[in-house]
Amino acid sequence: MSEMSNVRVAVRVRPMNQREKEKHPVGVISMSGNKTILQSNATVSPGKVQKGPKEFAFDHCFWSADDSDPDTYAGQEEVFKTLGEGTIENIYQGYNVCIFAYGQTGSGKTYSMMGTDDEPGLIPRFCRALLNRKSEGTVRVELSYMEIYNEKVRDLLKLKKSKKELSVREHNILGPYVEGLSQHAVSTWEDIKLLLLAGNTCRTTAATKMNEESSRSHAIFTLTITQMFHNQASGTSKELHSKFNLVDLAGSERASKTGAQGKQLVESGNINKSLTSLGRIISSLAECKGRRLSYVSYRDSVLTWLLKNSLGGNSKTVMLATISPAEDNYGETHSTLVYAERARKIVNQATVNED
Ligand code: ADP
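Fair warning: this is a prediction, and the values are worked out from it, not measured in the lab. (Residues numbered from 1 in each chain as written. Predicted model: local features only at pLDDT ≥ 70, side-chain atom pairs only at ≥ 80, totals over all residues. Heavy atoms only, no water.)

Novice: Before we move on, could you go through the sheet that holds strand β3 (residues 35–38) and cite the residues and values that matter?
Specialist: Taken together, three strands build an open sheet; the order of strands is β2-β3-β4 and the sheet is antiparallel. The open sheet has two edge strands, β2 (29–32) and β4 (54–57), and neither has a second partner. Across this sheet, the average inter-strand angle for adjacent strands is 25°, counted without regard to direction. Sheet topology places β3 next to β4; four bridges connect them, and they run antiparallel. Looking across to β4, one finds that I37 is bridged to E55. Each of β2, β3 and β4 touches helix α13 (residues 330–344); the most contacted strand, β4, lies at about 35° to it. (Pairing = 2+ DSSP bridges. Helix = DSSP H or I, 4+ residues; strand = E, 2+ residues; numbered from the N terminus. Axes fitted to C-alpha atoms, helices over the stretch in contact; angles between N-to-C directions. Contact = heavy atoms within 4.5 Å.)

Structure follows, in structure tokens:
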């Protein structure tokens, strides 16, 4: 990653599903180099003024729209190699790293982040690479897994279920954290996988009971890496801390609905406040073009508060926006591309956490 671009934004377009192919076999997305082109939506909105194609520039564009052609299809390995470049090094240098997946439901967030047993996604690939990396110090890796729904944090790995709501606090060096969130020591991918599965079961149980709520929740999976270096000669020791956040955001279609219906919904409690705040913070950081802002309202939502150091602070951030190629999803795809392009303009200032 270059010194200036601490936020990288990538877009990935998934293959059409059977239903979409039957309806309109020609998609509305094409890619060329670092540009994603959204075709005119003339057929989607007959009678409306024809709009020309729109071009959006990103750091990386992954063409995964045709998985029948291995020569052009950007598979899981390619996505990981491109996005992972330098990331594991950055973590061991003491930077915080955050990867978040943004896009409407069904656009490929889970496929890209988790993948399948045969085609593992970013989380398993990053975890393996992180744990295989050698360090000169003694390394401790701890994992936590939480869900944010309706501004409440839930520990997905709490062994004893507790009704108590977890609160967010802020440490003056390490930044915001969740008080009382369980931390689990891990040393292999198998340890991590078991915990992830346990956490996902917890999410799924909630999903079947309250489908609406869980599709509006964000999941944050965090690895905390502590390296301890001991200097024999001077008898001193130093600790280097870093956090690796992998964030699966709630379906972005909720955010656009929220935007469309305005402030009243904030009171009704039926909106996803976090995505709205994230959008607002992304816009204000994008507008400041790297100058330090005197005030950014991170505390407006639990998600943005917890991601504070990943957006405007000492972090290397990757946002992966996932889109569908189908005409049916034109509106959502357009808003995802606009949101992602804005995020690309953020230039934050990364620093290393040292004790
Ligand atoms: P989301 O998590 O955004 O709701 P999913 O990851 O569940 O969406 O993806 C929806 C469907 O599309 C799944 O069946 C998934 O396997 C498939 N899919 C998504 N992205 C890709 C891709 N890049 N290549 C192949 N299949 C994909």
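Novice: So what about helix α2 (residues 76–84)? Which residues, and what values?
Specialist: Because the α-helix completes a turn every 3.6 residues, residues three or four places apart line up on one side. The complete set of buried residues in α2 reads Q76, V79, F80, L83 and G84. Along the axis of α2, the buried positions cluster into a sector of 110°, meaning they face one direction only. Buried residues in α2 make contact with β1 (7–13), β5 (60–63), α3 (87–92), α4 (109–113), α5 (122–132) and β14 (315–323). Once α2 ends, the next one or two residues include G86, with phi positive near 80°. (Buried < 20%, exposed > 50% of the residue type's maximum accessible area, 1.4 Å probe, protein only. Arc of directions from axis to C-beta.)

Novice: Go over the side chain of H184 with me, naming the residues and quoting the values.
Specialist: Examined against the element boundaries, H184 turns out to sit in strand β11 (residues 184–185). Taking relative accessible area as the criterion, H184 reaches 15% and is therefore assigned buried. For H184, the side chain forms a polar contact with the side chain of S182, separated by 2.8 Å. Setting aside residues up to four positions removed in sequence, H184 forms contacts with V141, E142, L143, L157 and L195. (Polar contact = N/O pair within 3.5 Å; in protein donor to acceptor, adjacent residues only side chain to side chain.)

Novice: Tell me what's going on with the packing of aromatic side chains, and back it up with residues and numbers.
Specialist: Applying the stated criterion across every chain yields a total of four aromatic pairs. Consider the rings of F80 and F126, whose centres lie 5.0 Å apart with planes at 80°: the pair is edge-to-face. A residue pair is termed long-range when its members are at least 10 positions apart, and F80 in helix α2 and F126 in helix α5 qualify at 46 residues. Comparing F80 with F126, the two get one shared label, buried. Ring plane angle 10° and centroid distance 4.0 Å describe the contact between Y102 and Y339, whose orientation is recorded as stacked. Taken together, the residues span a long stretch of sequence, with Y102 in strand β6 (residues 96–102) and Y339 in helix α13 at a distance of 237 residues. (Phe/Tyr/Trp six-rings, centres within 6.5 Å; stacked < 30°, edge-to-face > 60°.)

Novice: Residues and numbers for the site of the ligand, please.
Specialist: Around the ligand, the surrounding shell holds 14 residues, and the nearest of these are Y73, G106, K109, T110 and Y111. Between the ligand and the protein, one listed contact pairs an oxygen atom with a backbone N or O atom of G108 at 3.1 Å. Y111 has a polar backbone atom sitting 2.8 Å from an oxygen atom of the ligand. In isolation the ligand exposes 550 Å². Once the protein is present, 69% of that is buried. It is α4 that provides the largest number of residues to the shell around the ligand, a total of three residues. Broken down by class, the residue content of the shell around the ligand amounts to three nonpolar, seven polar and four charged. (Near = heavy atom within 4 Å. Areas by Shrake-Rupley, 256 points an atom, 1.4 Å probe, with all protein chains shown as cover. Nonpolar A, V, L, I, M, F, W, Y, C, P; charged D, E, K, R; others polar.)

Novice: An account of the pairing of β3 is requested, with residue identities and associated values reported.
Specialist: Relative to β3, β2 runs antiparallel, the two sharing four bridges. Of the residues in β3, the one forming a bridge with I29 is L38. What sits between the antiparallel neighbours β2 and β3 is a turn of two residues, in which G33 has the positive phi angle 60°.

Novice: Describe the packing of α2 against α5, naming the residues involved and giving the relevant values.
Specialist: One way to put it is that α2 packs onto α5 with a least axis distance of 10 Å and a crossing angle of 55°. Classed by the angle they form, the pair α2 and α5 counts as oblique. Crossing of α2 against α5: the hand is right-handed. Of the residues in α5, those in contact with Q76, E77, V79, F80, L83 and G84 of α2 are L122, R125, F126 and A129. Taken together, the residues of the contact of α2 with α5 sort by class into six nonpolar, two polar and two charged. (Parallel < 35°, antiparallel > 145°, perpendicular 65-115°, else oblique. Left-handed = near helix turned anticlockwise from the far one by under 90°.)

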